Protein chains: 2
Amino acid sequence: MIPLEPMVNSMAWVSSLTSSFQFPSQSILATAIDSENASMVLTGVLLSLVVVYIASKLGGELSKSLDLPPVLGELVGGVVVGVSALHLLVFPESGAEASNSLIMTILQFVGGLSPDSVTSIFEAQSEVISVLAELGVIILLFEIGLESDLRELKKVGYQAAVVAVVGVAAPFAAGTAGLMLIFNVPAIPAIFAGAALTATSIGITSKVLSEIGHLKSKEGQIIVGAAVIDDVLGIIVLAVVASLAKTGEINVLNVIYLIISATVFLLGSIFLGNFFNKSFVAIVEKLQTRGKLVIPAFTFAFLMAFLANAIHLEAILGAFAAGLVLDETDKRKELDKQVVPIADILVPIFFVSVGAKADLGVLNPAIPTNREGLIIATFLILVAIVGKVITGWAVFGQPEINRVAIGVGMIPRGEVGLVFAGIGSASGVLDKPLEAAIIIMVILTTFLAPPLLRLAFKKPVEQVDLVG
Amino acid sequence: MIPLEPMVNSMAWVSSLTSSFQFPSQSILATAIDSENASMVLTGVLLSLVVVYIASKLGGELSKSLDLPPVLGELVGGVVVGVSALHLLVFPESGAEASNSLIMTILQFVGGLSPDSVTSIFEAQSEVISVLAELGVIILLFEIGLESDLRELKKVGYQAAVVAVVGVAAPFAAGTAGLMLIFNVPAIPAIFAGAALTATSIGITSKVLSEIGHLKSKEGQIIVGAAVIDDVLGIIVLAVVASLAKTGEINVLNVIYLIISATVFLLGSIFLGNFFNKSFVAIVEKLQTRGKLVIPAFTFAFLMAFLANAIHLEAILGAFAAGLVLDETDKRKELDKQVVPIADILVPIFFVSVGAKADLGVLNPAIPTNREGLIIATFLILVAIVGKVITGWAVFGQPEINRVAIGVGMIPRGEVGLVFAGIGSASGVLDKPLEAAIIIMVILTTFLAPPLLRLAFKKPVEQVDLVG
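Just so we're clear, the structure is a prediction, and the values are computed from it rather than from any experiment.

**Brief notes about the overall build of chain A**
Reasoning step 1: Assigned secondary structure in chain A consists of 18 helices and 0 strands.
Reasoning step 2: Sorting the 468 residues of chain A into buried and exposed places 58% on the buried side.
Reasoning step 3: Expressed as a percentage of contacts within chain A between residues at least 6 apart in sequence, the contacts between residues at least 24 apart total 74%.

**Some thoughts on the nonpolar core**
Reasoning step 1: Judged by nonpolar contacts, the single largest core of 336 residues is most densely connected at L317, A319 and I438 of chain A together with L317, A319 and I438 of chain B.
Reasoning step 2: Counting contributing residues, this core receives three or more from each of domain 1 (33-128) and domain 2 (137-467) of chain B.
Reasoning step 3: Every residue in contact with L317 of chain B, bar those within four places of it in the chain, is listed here: I235, A239, A262, F265, L266 and A308 of chain B.

**Re helix α5 (residues 115-147) of chain B**
An α-helix turns once per 3.6 residues; consequently, residues spaced three or four apart project the same way.
Reasoning step 1: Helix length check: α5 of chain B, at 33 residues, gives a terminal C-alpha distance of 48 Å against a target of 48 Å (1.5 Å per residue), a fit within 8%.
Reasoning step 2: By the criterion of burial, α5 of chain B is predominantly enclosed, with 26 of the 33 residues buried.

**Some thoughts on the packing of helix α11 (residues 294-310) of chain A against helix α12 (residues 315-327) of chain A**
Residue and element names in this part refer to chain A.
Reasoning step 1: Running from amino to carboxyl end, α11 crosses α12 at an angle of 140°, the nearest separation of the two axes being 7 Å. The pairing of α11 with α12 is recorded here as oblique in orientation. The two elements α11 and α12 cross, and the hand of that crossing is right-handed. Contacts between α11 and α12 involve A297, F300, A301, M304, A305, F306, L307, A308 and N309 from the first element and A315, L317, G318, A319, A321, A322 and L326 from the second.
Reasoning step 2: Tallied by class, the residues present in the contact of α11 with α12 amount to 14 nonpolar, 2 polar and no charged.

**Focus: the environment of G323 of chain B**
Residue and element names in this part refer to chain B.
Reasoning step 1: Among the structural elements, G323 can be located in helix α12 (residues 315-327).
Reasoning step 2: Taking the C-beta count within 10 Å as the criterion, G323 has 27 such neighbours and is therefore assigned buried.
Reasoning step 3: Taking C-alpha positions, G323 is 4.6 Å from F142, a pair spaced 181 residues apart along the chain.
Reasoning step 4: Residues in contact with G323, not counting those within four places in the same chain, are L141, F142, E143, I144, G145 and L146.

**Here we look at helix α13 (residues 332-357) of chain A**
All names here are of chain A.
Reasoning step 1: An ideal rise of 1.5 Å per residue puts 38 Å on 26 residues; α13 measures up with 35 Å between its terminal C-alpha atoms.
Reasoning step 2: Most pronounced at A343, the bend in α13 amounts to some 40°.
Reasoning step 3: With 20 of 26 residues buried, α13 lies mostly within the body of the structure.

**A word on the packing of helix α14 (residues 371-389) of chain A against helix α17 (residues 432-456) of chain A**
Residue and element names in this part refer to chain A.
Reasoning step 1: The geometry of α14 relative to α17 is characterised by a closest axis approach of 9 Å and an angle of 40° between their N-to-C directions. As far as their axial angle goes, α17 and α14 are oblique. For the element pair α14 and α17, the recorded crossing hand is right-handed. Taking contact as the criterion, the partners of G373, I376, A377, L380, I381, A384 and I385 in α14 are, on α17, P433, L434, A436, A437, I438, I440, M441, L444 and T445.
Reasoning step 2: Tallied by class, residues from the contact of α14 with α17 come to 14 nonpolar, 2 polar and no charged.

**Looking at unusual backbone geometry**
Reasoning step 1: A positive phi is found at N184 of chain A, a non-glycine position, where the angle reads about 55°.
Reasoning step 2: Inspection of the secondary structure puts N184 of chain A in the loop between α6 (150-181) and α7 (187-196).

**Comments concerning the confidence of the model for chain A**
Residues and elements named next belong to chain A.
Reasoning step 1: The pLDDT averaged across chain A works out to 80; a share of 86% of its residues lies at or above 70.
Reasoning step 2: Considering each helix and strand of chain A separately, the mean pLDDT is smallest for helix α1 (residues 11-20), with a value of 31, and largest for α11, with 94.
Reasoning step 3: Considering only residues more than four positions removed or in separate chains, one finds that residues 1-33, a stretch of pLDDT under 50, has 45 contacts.
Reasoning step 4: Here residues 459-468 is a poorly scored stretch, pLDDT under 50, and it has 5 contacts once near neighbours within four places are set aside; other chains count.
Reasoning step 5: Interface scoring of the predicted complex returns ipTM 0.81; its pTM is 0.82.

**Looking at the environment of P348 of chain B**
Residue and element names in this part refer to chain B.
Reasoning step 1: Relative to the elements of secondary structure, P348 occurs in helix α13 (residues 332-357).
Reasoning step 2: As for P348 and L49, which are separated by 299 residues in sequence, their C-alpha atoms are 9.7 Å apart.
Reasoning step 3: Not counting the four nearest positions on each side in its chain, P348 is found in contact with V52, Y53, S56 and E74.

**Section: the environment of P92 of chain B**
All names here are of chain B.
Reasoning step 1: Note on placement: P92 falls in the loop between α3 (70-81) and α4 (102-111).
Reasoning step 2: On the basis of neighbour count, P92 is assigned to the partly exposed category, with 19 C-beta atoms found within 10 Å.
Reasoning step 3: With sequence-adjacent residues up to four places away left out, P92 is seen in contact with F122, E123 and S126.

Cut-offs used in this document
- Per chain, residue numbering runs from 1 following the sequence as it is written.
- Each chain takes a letter, starting from A, and each ligand takes a number, starting from 1, following the order in which they are written.
- Since the coordinates come from a predicted model, pLDDT governs what is reported: local features require at least 70, and pairs of side-chain atoms require 80 or more to be given and counted, while whole-chain, interface and lining totals use all residues.
- For helices the rule is a DSSP run of H or I covering at least 4 residues; for strands it is a run of E covering at least 2, with both sets numbered from the N terminus onward.
- Here a residue counts as buried when 20 or more other C-beta atoms sit within 10 Å of its C-beta, as exposed when there are 12 or fewer, and as partly exposed otherwise, the C-beta atoms being derived from the backbone.
- For every residue pair, C-beta atoms are placed from the backbone, and the pair is scored as a contact if these atoms sit within 7 Å.
- In this usage, the nonpolar core is the set of buried Ala, Val, Leu, Ile, Met, Phe, Trp, Tyr and Cys residues whose C-beta atoms join them within 7 Å.
- Here the limits of each domain have been adopted from an automatic or database domain assignment.
- By this rule the span expected of a helix is its residue count minus one, scaled by 1.5 Å.
- An axis is simply a line fitted to the C-alpha atoms; with a helix, the fit covers only the stretch in contact. Between two such axes, the angle follows the N-to-C directions and lies from 0 to 180 degrees.
- Roughly parallel here means an angle under 35 degrees, roughly antiparallel means over 145, roughly perpendicular means 65 to 115, and every remaining angle is called oblique.
- Handedness of a crossing is defined here by the sense of rotation of the near helix relative to the far one, left-handed for an anticlockwise turn of less than a right angle and right-handed for a clockwise turn.
- Polarity classes work like this: nonpolar for Ala, Val, Leu, Ile, Met, Phe, Trp, Tyr, Cys and Pro, charged for Asp, Glu, Lys and Arg, and polar for all others, with Gly in that last group.
- What the bend at a residue measures is the angle between two axes, fitted to the seven residues ending there and to the seven starting there.
- A score between 0 and 100, pLDDT records how confident the predictor is in each residue.

Following this line, the structure appears as structure tokens:
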């Protein structure tokens, strides 16, 4: 054995070092302890990611095998590993402490940590997972932007626009007014919950339509067009309500500023994007090193997300605009392909985290104080379904059209609804019962839409049987 | 205008909410403020990533256009945006405060933050970027594992093994002994610096060999084989010295434990991997949702990284072992392709951070206290070159072989050398002059190798001209 003393006791070691070199003022002992913590933060993040991936895949595959959208299973997987059940993935902002986290218990067993460092490691690890989840939703919206097609929007035209506007206005007005008048919910959370009712999941709707062979029908075209417009409207609504939540004011001037700035930001970036497109392609074609397409694309997406944040909109609006702009370049197909694996490893962190943060315990009817939350959930689900189904009757000049199918096609809230719930929860605007009610609403509308859509299109019985 | 009071003043709002619902003990005001900070952490991370990507691409492309390895330019790009120059990307562990960070100044301008929240946002943002950098190096080593081929190792056989062992032992012994005896550096940092001298960059070496058309020559085969073995040896050396740094002891039993556990871990996971391979392929083939290959692969890689960390080895050893195991499956090619874009967006965060953290100011010869650091850097560079060039003479039974070319081919330290510098710096073992000296050594050996290798293979003049 050469020198035996541990580093933290070896003051001679430290002083010999400080005498021979210019040395930073910071203590090397503190640094050594910090570095032990930094390594444990990484260990905690790695274990959290393993939990997230297993939950997302088990949930997603189970959901798929039941012929439901995989994203639903990822959410339920998050609920199972989160604060409602296994306590593997819990977050300080929902009031959990390090001692509630099973992952922190495992780390303590592995690393022999002091109680003080456990709390700081828990907070740092949760912060990292939260930011990874936010990067996940930014990349999801970037990908949705890449998949949306501006020209397609113009083709389906007014019919789709009317359906989208009615599908945003009706549930928002009915939801917000109902919550305020019937349930005495304060204005800001009521508006936020109303906004969460406006979304339509373009992913789920178009996937189900293509599975039942109605994607190219007139109804299918209108549904998809409306869902695309709804995505844009929903993001503007989200930007407006999230900023309301931040400033805490319902200031009409502020609302007008936000609507104008969100619209100008989105339309402006699309307009300027026409010129930027050529520079982007020219830059990408000059580059010769690895990541020559994906790095400029993500630089642009993150820069747009940063700019949106900087003018008090949501980061996802910037990422969505970046996706719309880059969708117009010739590099689109190559980029689509390269974004897929990146989205695959980051997006599930978002969905699983949303599920993990949702405390479904507040909807347990055995606890008397929960009952009001449950009644609210029932109300939200009714508004969510009725508010979208009526959109079918907004279609004009098409007497032969299957109005029920169009309305039903707009029901699933999917990703965008969860984005509302997640951001509402993170901003502290939604209390737990209301947040849980929104999540239950998203889950149920997403669950119900695929079978209802099949019924509305009057599928032959044997094909329904194949599915069930 | 509807109600005008901001949320933070509206106590009536809070109490109306708490009276109608069961409410968490945590204050909603604190949550609202935290959430403003959380949003600013995301803003800071987004801006940092934009800086990282621009620095990595400008540096990488410039380096490539000078016919040097792109990774070198990413590192230099990091130096430019980091603590040595622009102060865009600085980290608290190198003694920087929020006021030294240009990104934090921008955030303050954008967000109007209080001094208290600036410090906590700066620390949280730096923590997130550091963990992203660590995930980057984990994915880099996973990818190197995927690219390494166990069967190829067996083919080039003993010649390559001898070259590798001499190329690890000679610079390590000469470097460590020289630092301790000539420069009176304490044992642990001397061993760490010696260990950083052992690496050979498989990426740079094989790329240069293929560029000059000598990849398939006998010399080329031996160099690549030795570089692969050197990668494995280097990772074991890193695991040993990093653990020494953690425990602060040079305990022979501990060294033996680490060598055995690293070897058993690596060989054991390869051995068990033969059985796991089939289950992995079977699982992947059953999955039907998005990310069906990449999610199980990353679950495995992160789990192995966690396990390596849990038994006090380095996370990268686990990721490398996971890569070696999955390289043996039929899914290899598909996986290789999907890992590329993920590595492209995460690995540069590592290289740019290493450069950003390196304070080259300590090597300014105008400051008298810096001179010892500069002399150490000169010493390290000499040992780094001589210690690898002599490996050519370790080749036996091949009288015709170009010994100089083999030795020169082993010179570039590249990624693995930077991994040592980064981990040494993060663990607090290396003081700044020694860390900067190691980085200068890595940069210079990597810079020198491509032109020296061309000279050693006596390339025709016109081809050299084409390049220069």
